Amino acid sequence: MQERLLERKDVPRFVEALQQELDVLGPMDRGGEIVLGRILSPDRLDLDYHQIGLSPKEVFFPRWETMGHVEGDRLVEDLPKQRGFVLLGIRPCDARALTFLDLVFEWRGIRDPYYVDRRENGIVMTLACRHPMSTCFCTSVGGAPDDERGSDVMLFAVPEAFVVRTVSEKGTELIDKVAGAFLGEVPRRHLDARAEAIRAANERLEKIDLSGVKSGLDAGFGAGHWEAIALPCLGCGTCAYVCPTCHCFDIVDEVCEGTARRIRCWDTCQFQLFTYHGSGHQPRPSTAERQRQRVMHKLAYAVDNYAETFCVGCGRCVRHCPAGLDVRETIALMGAVP
Amino acid sequence: MRAVDRLIQDRLVARATELLGAGEVDLVLGHRRRGLPLGSRPAFVSDPAQAKELVFDEHCGLNLTVYLPRLLRPSGRKAAPRVAIVVKGCDARSLVGLVKERQIPRDNLIVLGVPCLGVVDLHRLQRLVGGAEIVDTMPDDSGSRVVLTDHLGRSHQLELDALLRDGCRTCRHPTPVMCDELLGEPLEPRAAEARFAALEAIEALPSAARWQRFRAEIAKCIRCYACRQACPSCYCTTCFAEQTSPAWTTPAAQESDVMLFHLGRLLHMAGRCTECGACTAACPTGVDLSPYAAMIIREVEDQWGKEANVSLDDLPAMIEFNPEDDQSFMTEPQA
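One structure accompanies this document, and this report is about it. (Residues numbered from 1 in each chain as written. Chains lettered and ligands numbered in written order. Predicted model: local features only at pLDDT ≥ 70, side-chain atom pairs only at ≥ 80, totals over all residues. Heavy atoms only, no water.)

**Here's the deal with the sheet that holds strand 5 (residues 134-138) of chain B**
Residues and elements named next belong to chain B. Spelled out, the test is: We call two strands paired when DSSP finds no fewer than two bridges between them. By the criteria applied, helices consist of DSSP H or I runs no shorter than four residues and strands consist of E runs no shorter than two, each listed in order from the N terminus. The angle between two axes is taken between their N-to-C directions and runs from 0 to 180 degrees, where each axis is a line fitted to C-alpha atoms and a helix contributes only its stretch in contact.
Spatially, 3 strands are ordered 5-6-7 in an open sheet, and the strand pairing comes out antiparallel. The sheet is open, and its two borders are formed by strand 5 and strand 7 (155-159), each paired with just one other strand. Here the strands of the sheet are splayed against their neighbours by 30 degrees on average, with no regard to which way each runs. In the sheet, strand 6 (residues 145-150) pairs with strand 7 via 5 bridges, with the strands oriented antiparallel. Residue pairing for strand 7: Arg-145 is matched across the bridge by Glu-159.

Structural data, given as structure tokens:
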């Protein structure tokens, strides 16, 4: 672990140095929304943003991708072929979410090459948080504004500069290679400023009590709270699609003009079709059952399966739900179930 | 908060308390505050003591009629609840549509109409404050301004009119066309000259630019179906976009499939869309296809002279065959 200083004025130079080796993906403004995009010109990179609208999972687990195509009578795999890349400036909560997706996509020796190949090709440089949003609750789910899990390198904004901390071997190697020449020592005052910023961010973060939620969810499965919780739910896929840990997918074959390809795309338990049986039976007939499924998958079943709560407290579902459902309230309600 | 809205809100709370207390309805469907400083969310109030949670202001943009088909369906042996619903002008038109298309019964429903001065477009507000997080709103009874505080403590003073949804600025039916009780003074329609301004701006572009503009909007879409789910007129049990036999589109998000979904959905709204803006407001990524919806609205109004869902007594334009309709578009085959 090493820490060096990158002055603001040198950020374009830093980006260009990275671009010699790798593609750089980072937060940028597109028509008033912050999106993750390929940075071509360094001045498009925005390191003063709050939160990317969609999560970075789409870089490794895209909204849709071609898995393979038919040649003659064989299905030929189309594995991702890409240049190495850097994910520069994502939030620690999103990086931590990637470590959860890692548990899903490479599990007990079963390796999903579409996801894992991309992960191996990518280096994650996070930007620690100074101004958590009112909807952020990372510390309540075991995270932090400067949580290193999932980061190869972490940046901390200080006055007119960034402290660059290398976290993993991959990260150290890259920083030494491309930026060793113009990164400097970190003055004491910046270390103090950083410590204060982290302290302030921690204080600002809303604290939610999750201590009873796993047992409350298990005990409350049939207790009837879910109808009221899910009454406003419109049944769209917004919450799952903006969530950095939701990972359900569908696989479909598309036949077109004599060729065929196999496609993987996002799916969500919030859609009616998700568990609709061929027989016509629907085991999750209403938003109540479907909302229960989503919350339990993240806060109960993931704990059983992976010993992790699959929620990083990013708050996207709270901000984007068109019907105002608020998982923080659901947690409070179900946590109180004896 | 606009003074007019304050009066309406007070009347609404009083009436809801009365209706629930007297047992005239089982449920009042209105708006309440949400867990964020801006916006609102649906309120399903069954206890008269909770009626005071009901609000009405410039953030009550949801079209609550979307919940009615589900709510008013009897389930098992339980009879459907008797519901009182709060509707703005645009929502009332959706109600007309749902009744005409036999998706909800008219009885057992008390329609509380609220004349509406327009609601805030939260996407637009976000852009105007440069992406800052709004943490507080300061009370401003001028009725024409909002004062917002952001996460850095900075104050933003914005004209309310600049924040309204486009559709609200050219609204022709601010007073509900259908209601049992009107909770405020009727309002005049707003200036209609600019009604198709956004559409006309696109039509003025050269063809290649128009195509790129459409592509750029579609590129933002993640096909979460928030637009469809928020729309009261989209009530099909199986949406065409989810049919597998035939599979008109995959569930993925290839550009052509996303275009097919949106164009299909908008065309299915021909003669039915009430311009409520619920679709655009629900979208998590800021997709705005309202000019294209407007094109279809304009086409239907030009061809058949009918505005969608303002009257319970006429048939929707795309359902009715009237022998008097203009048939000049049919031409003789070339000899």
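**What to know about the packing of aromatic side chains**
Residue and element names in this part refer to chain A. Counted only if it meets this: In this analysis, rings of Phe, Tyr and Trp, with Trp reduced to its six-membered ring, are considered paired at centre separations within 6.5 Å, and the interplanar angle assigns stacked below 30 degrees, edge-to-face beyond 60, and tilted for intermediate values. Per-residue accessibility, obtained with a 1.4 Å probe over protein chains only, is compared with the maximum for each type, and a residue is labelled buried under 20%, exposed over 50%, and partly exposed between these values.
One pass over the full model with this rule turns up 17 aromatic pairs over all chains. Ring plane angle 5 degrees and centroid distance 5.1 Å describe the contact between Phe-100 and Phe-310, whose orientation is recorded as stacked. Here Phe-100 is found in helix 3 (residues 92-105), whereas its partner Phe-310 is found in the loop between helix 10 (287-306) and helix 11 (316-320), with 210 residues between them in sequence. Residue Phe-100 shares its accessibility class with Phe-310, and that shared class is buried.

**A few points about the interface of chain B and chain A**
So the rule is basically this: Every residue pair with non-hydrogen atoms within 4.5 Å of one another is taken to be in contact. Put simply, buried area is the surface a 1.4 Å probe can reach on two separate parts but cannot reach once they are joined, added for both. By definition, a salt bridge exists where a carboxyl oxygen of Asp or Glu is found within 4 Å of a side-chain nitrogen of Lys or Arg. N or O atoms within 3.5 Å of each other form a polar contact, as long as, within protein, one can give a hydrogen and the other can take it, and as long as residues adjacent in sequence are counted only when both atoms are side-chain atoms.
Opposite the 37 residues of chain B that make contact, chain A presents 43 residues. Counting the surface lost from both chain B and chain A, the interface buries some 3200 Å², and carbon and sulfur atoms represent 57% of this. Run the count over chain B and chain A and you get 1 salt bridge. With a shortest N-O distance of 2.9 Å, Arg41(B) and Glu329(A) are connected by a salt bridge. Where chain B meets chain A, there are 17 residue pairs in polar contact (both at pLDDT 80 or more).

**As for helix 8 (residues 207-219) of chain B**
Residue and element names in this part refer to chain B. Stated precisely, the cut-off is as follows: Here the expected span of a helix is defined as 1.5 Å times the quantity of residues minus one. Throughout, the arc means that of the directions going from the helix axis to the C-beta atoms.
When the terminal C-alpha atoms of helix 8 are compared, their 18 Å separation across 13 residues agrees well with the 18 Å that a helix rising 1.5 Å per residue should span. Along helix 8, the residues classified as buried are Phe-214, Glu-217 and Ile-218. Mapping the buried residues of helix 8 onto a view down its axis gives an arc of 100 degrees, with all of them on the same face. Exposed and oriented more than 90 degrees from the buried face of helix 8 are Ala-208 and Ala-219. Elements in contact with the buried residues of helix 8: helix 10 (255-268) and helix 12 (290-304).

**A closer look at the pattern of salt bridges**
Two side chains that carry opposite charge are able to pair once their charged atoms sit near each other. What the rule picks out here adds up to 53 salt bridges over all chains. In this structure, a network of salt bridges that share partners links the residues Glu3(A), Glu148(A), Arg165(A) and Arg194(A).

**Remarks on the sheet that holds strand 12 (residues 249-256) of chain A**
Note: strands within a sheet are paired through backbone hydrogen bonds, in either parallel or antiparallel orientation. Residue and element names in this part refer to chain A. Spatially, 4 strands are ordered 5-4-13-12 in an open sheet, and the strand pairing comes out antiparallel. Only two strands of the sheet have a single partner each, and these edge strands are strand 5 (74-77) and strand 12. When the angles between neighbouring strand axes are averaged without regard to direction, this sheet yields 30 degrees. For strand 4 (residues 64-71) and strand 13 (residues 259-266), the ladder comprises 5 bridges, and the chain directions are antiparallel. Within strand 13, the position partnered with Glu-65 by the bridge is Arg-264. Helix-sheet contacts for helix 4 (residues 113-121) involve strand 4, strand 5 and strand 13, and the interaxial angle to strand 4 is about 120 degrees.

**What about unusual backbone geometry?**
Cis rather than trans, the peptide bond between Ser245(B) and Pro246(B) has omega equal to 0 degrees. Within the secondary structure, Pro246(B) is located in the loop between helix 9 (226-230) and helix 10. With phi around 55 degrees, Ala307(A) is a residue other than glycine that occupies positive phi space. Within the secondary structure layout, Ala307(A) lies in the loop between helix 10 and helix 11. Notably, Glu275(B) is not glycine yet its phi reads approximately 60 degrees, a positive angle.

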